[in-house]
Amino acid sequence: LIPLFKEIYGLSVKEKSELYLDAAMRNIVSLVYGNFSVENKANKNYDVSMQNALLYISENLNKKISLTDIAASVCMSPSYFHKKFKKHFGGMSPNDYILKKRIEYAKGLICDNSLSMERISELSGFSTRAYFDICFKKETGMTPAFFRQQLNQGMF
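Residues numbered from 1 in each chain as written. Predicted model: local features only at pLDDT ≥ 70, side-chain atom pairs only at ≥ 80, totals over all residues. Heavy atoms only, no water.

Chemist: Before we go on, may I ask you to explain the pattern of salt bridges in this structure?
Modeler: If the charged atoms of two oppositely charged side chains come close together, the side chains can form a pair. Per the counting criterion, the structure on display carries five salt bridges. A salt bridge links Lys101 to Glu104; the shortest N-O distance between them is 3.3 Å. Taken together, the residues span about one helical turn, with Lys101 and Glu104 both in helix H7 (residues 94-110) at a distance of three residues. By relative accessible area, which is 18% here, Lys101 ends up buried. Ionic pairing is found between Arg129 and Asp133, a salt bridge with its closest N-O pair at 2.9 Å. Linking Arg129 with Asp133, this pair stays in helix H9 (residues 129-140), spanning four residues, or about one helical turn. Overall, Arg129 belongs to the partly exposed group, its relative accessible area being 26%. By sharing partners, the salt bridges in this structure join Glu118, Arg129 and Asp133 into a single network. (Salt bridge = Lys/Arg side-chain N within 4 Å of Asp/Glu carboxyl O. Helix = DSSP H or I, 4+ residues; strand = E, 2+ residues; numbered from the N terminus. Buried < 20%, exposed > 50% of the residue type's maximum accessible area, 1.4 Å probe, protein only.)

Chemist: What exactly am I supposed to notice about the packing of aromatic side chains here?
Modeler: What describes a pair of aromatic rings is the distance from one ring centre to the other and the angle between the planes of the rings. The full count for this structure, using the stated rule, is eight aromatic pairs. Between Phe85 and Phe89, the ring centres sit 4.4 Å apart and the planes meet at 20°, which makes this aromatic pair stacked. Phe85 sits in the buried class, given a relative accessible area of 0%. In textbook terms, an aromatic cluster arises when at least three aromatic residues are bridged by ring pairs, as seen for Phe126, Tyr131, Phe132, Phe136 and Phe147. (Phe/Tyr/Trp six-rings, centres within 6.5 Å; stacked < 30°, edge-to-face > 60°.)

Pasting the structure below:
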């Protein structure tokens, strides 16, 4: 699969006119990688409703996601879903999980120097650039711009 993704990604970068294609490819790669990650292997212990909730979150990461929306996608009340989610994720709330995943996705987008930070914040599902900066710094200890600078200098 990796060579196929590299070929498709290479085509999307050459075109430069389709930023959505580029973002979609990055999302696909992220989803595929997620299927092989340690976290996902642990997810096999979760019931189908939790797996479906994670899938809903990953498919809607760049949109506004409410607890009510996620709960409805797995046919639960918001309060029951919240309690069950926290139980399965060792106390992590759905909102904290979504934030963590958005930051992970943004880190991938930051690698592309042609994307502005405003665009990255938008593609990652943040409502404003300022909120993106605050959340990114809280999660990583550095601003998105500094993170990009470190990447460009080969520090990561």
